[in-house]
Amino acid sequence: MKSAVETLNPTRVRLTVEVPFEELKDSLDAAYKKINQQVTVKGFRKGKIPARVIDQRFGRGAVLEEAVNDALPKFYTEAVNTAEIDVLGQPEVDITELKDGETLNFTAEVDVRPALELPEDFSSIEVEVDAVEVTEDDIEKSVEQLRERFASTSPVERAAEDGDVVTVDLEAKVDGEILEDGVASGVSYTIGSGELLEGIDDAVKGLEAGGEATFTSELKGGSAAGKEAEVTVKVSQVAARELPELDDEFAQLASEFDTLEELRADSRKRLENMKQYDQATQAQERVLEKLLELVEVPVPEKLLEDEINTRKHNLEHHQLGQMGLDLDKYLEIQGKTAEEFDTETREAAVKGIKTQFVLDELVKREKLNVNQEELTEHLMRRAASSGMSPDQFAQAVVEGGQVPLLVGEVARGKALATVVESATVKDTNGEVVDLDEDEDETEAETAEAASEAEAEGKTEA
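Residues numbered from 1 in each chain as written. Predicted model: local features only at pLDDT ≥ 70, side-chain atom pairs only at ≥ 80, totals over all residues. Heavy atoms only, no water.

Along the protein, the regular secondary structure elements total 14 helices and 11 strands. Here the C-alpha atoms of the protein give a radius of gyration of 32 Å, more than 25% beyond the 23 Å that 2.2 N^0.38 yields for 461 residues. With respect to the principal axes defined by its C-alpha atoms, the protein has extents near 100 × 65 × 40 Å. Classification of the 461 residues of the protein by burial places 39% in the buried group. (Helix = DSSP H or I, 4+ residues; strand = E, 2+ residues; numbered from the N terminus. Rg over C-alpha atoms; globule rule 2.2 N^0.38 Å. Buried < 20%, exposed > 50% of the residue type's maximum accessible area, 1.4 Å probe, protein only.)

What follows is the structure, encoded as structure tokens:
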């Protein structure tokens, strides 16, 4: 077999392949065998029909077609390996010549991973991130949230006010008809929390136990999601919330600490850790943006189209479907036009593909490997974010053949970590931020940052 490669553009090539007919022998034998199992000819046992009889009865052309279909993938793969090209997606194959007993010639056009020129080092990259600052107000807010969790309630004989917990029965009608899934009894609701229907706060405030009111609200879920409904709310109980005193006794109740001072100190430490994590994530995202600006990355149009379609499909049929929304309603809630949505989806897809190409190239250049411990840690984090147990997630990954995908995510995370380590990161106070204090944690975070940049609807590249 002979093959040649013609570069059509930075992301697409044409392979021209010439196959001597004798190299089709195995596929021809397989074709005769397959046809033998599918047809019957009087006077011959099934599977024992001579080749000449098959040619006479069913035509040599049928045999050649079967043989070529069997042989093309093998010769295409051999041509790709010989040319040492990194193909993306499926090829467009055109048989240019097929002469029985002489030759098979074909061409295959396919997208390829573009050759990239990465900087020798990344010390020129400089980004600014938010400073880690924990104020007294931050600490007070954190302690107050903890205090809210330990609030108690007691029934009162008065009209409902902001902050009260009311027990209500709800009934929703659309076009005068009560919805099957629009009736609920004994629902507990904290006035002002915003956790139920829009308009319910104004409706129940001022009502005592036994009071009733009707209001109009747009339903967010259920069989009539997105429709205006007439909702009747009846209050069966009003309860006042009582917050515990902020003292050492509360600290002992709500934490492992003996004093309120120790609890406040722990809150400060936890808030600092959270802000440091956010700062590291911000640094990774901004370093990645700078890195993509430094590298020219051609994007294969077919790959981009597939990625856009995958993202739209995942949004419409998975995320929105679970929320009981369609795309039109989602765009209305987001305040976006279809054109704006298409533009944003395309930009996100381009960024995801470029991110994968650049980080994969860096993985190859730096010869970065992924060990079992790193893969397991990443799997545990992905399982937690998916709401599945590690065992369930691991089984789904293996059964779906997605292990290489996870390995790629970890490797790209390590690649991004090497760039972050070389870059200069300063906070808004002008101070240099040291992200190397916990190298393992940094690599774990950058694996997440890299996979998030590619976004859902992973590109098989």
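So, on to the UniProt feature "domain: PPIase FKBP-type" (unreviewed entry) in the protein. Per the UniProt record, the feature "domain: PPIase FKBP-type" (unreviewed entry) sits at residues 163–216. Summarising residues 163–216: 9% helix, 54% strand, and an end-to-end C-alpha distance of 22 Å. (UniProt positions renumbered as here; feature names shortened; annotations may be inferred.)

What follows covers the packing of aromatic side chains. Within this structure, the stated rule accounts for one aromatic pair. Relative to F250, the ring of F150 lies with its centre 6.2 Å away and its plane at 85°, an arrangement referred to as edge-to-face. With a gap of 100 residues between them, F150 in the loop between α4 (136–149) and β6 (152–155) and F250 in helix α6 (residues 248–254) connect regions that are remote in the sequence. The ring of F75 carries the charged tip of K74 above its face, separated from the ring centre by 4.8 Å. (Phe/Tyr/Trp six-rings, centres within 6.5 Å; stacked < 30°, edge-to-face > 60°. Lys NZ or Arg CZ within 6 Å of the ring centre and 35° of its normal.)

Bringing the pairing of strand β1 (residues 2–9) into the picture now. Relative to strand β2 (residues 12–20), β1 runs antiparallel, the two being bridged by seven bridges. Directly across from V5, in β2, lies its bridge partner L15. (Pairing = 2+ DSSP bridges.)

Attention shifts here to the environment of Q282. With respect to the helices, strands and loops of the structure, Q282 is situated in helix α7 (residues 260–294). The class for Q282 is buried, based on a relative accessible area of 14%. Distance from Q282 to L379, taken between C-alpha atoms, is 23 Å for residues 97 residues apart in sequence. When neighbours within four sequence positions are excluded, Q282 is seen to be in contact with V129 and D130. Within polar-contact distance, the side chain of Q282 engages the backbone nitrogen of D130 at 2.6 Å. (Contact = heavy atoms within 4.5 Å. Polar contact = N/O pair within 3.5 Å; in protein donor to acceptor, adjacent residues only side chain to side chain.)

Looking at the protein as a whole, its pLDDT mean stands at 90, while 94% of the residues score no less than 70. For the stretch residues 455–461, pLDDT sits under 50, and the model shows 25 contacts to residues farther than four places along the chain or on other chains. (pLDDT = per-residue confidence, 0-100.)

A separate point is a nonpolar patch on the surface. On the surface, V93, I95 and L98 cluster together into a nonpolar patch covering about 220 Å² of accessible area. Along the chain, V93 falls in strand β3 (residues 87–99). On the basis of relative accessibility, which here comes to 42%, the residue V93 falls in the partly exposed class. (Patch = residues over 30% accessible without salt bridge, like charges linked within 9 Å, V, L, I, M, F, W, Y side chains within 5 Å. Areas by Shrake-Rupley, 256 points an atom, 1.4 Å probe, with all protein chains shown as cover. Salt bridge = Lys/Arg side-chain N within 4 Å of Asp/Glu carboxyl O.)

Membership of the largest hydrophobic core comes to 35 residues, with the highest contact counts inside it found for I125, L291 and V358. Secondary-structure elements contributing two or more residues to this core are β5 (126–129), α7, α8 (301–323), α10 (338–366) and α13 (403–422). With seven residues, the top contributor of residues to this core is α10. Here I125 is in contact with V287, K290, L291, L294, V419, A423 and T424, once residues within four sequence places are set aside. Formed by 31 residues, the second largest nonpolar core is a distinct cluster that contains L64, V68, A108 and V112. (Core = buried A, V, L, I, M, F, W, Y, C linked by side-chain atoms within 4.5 Å.)

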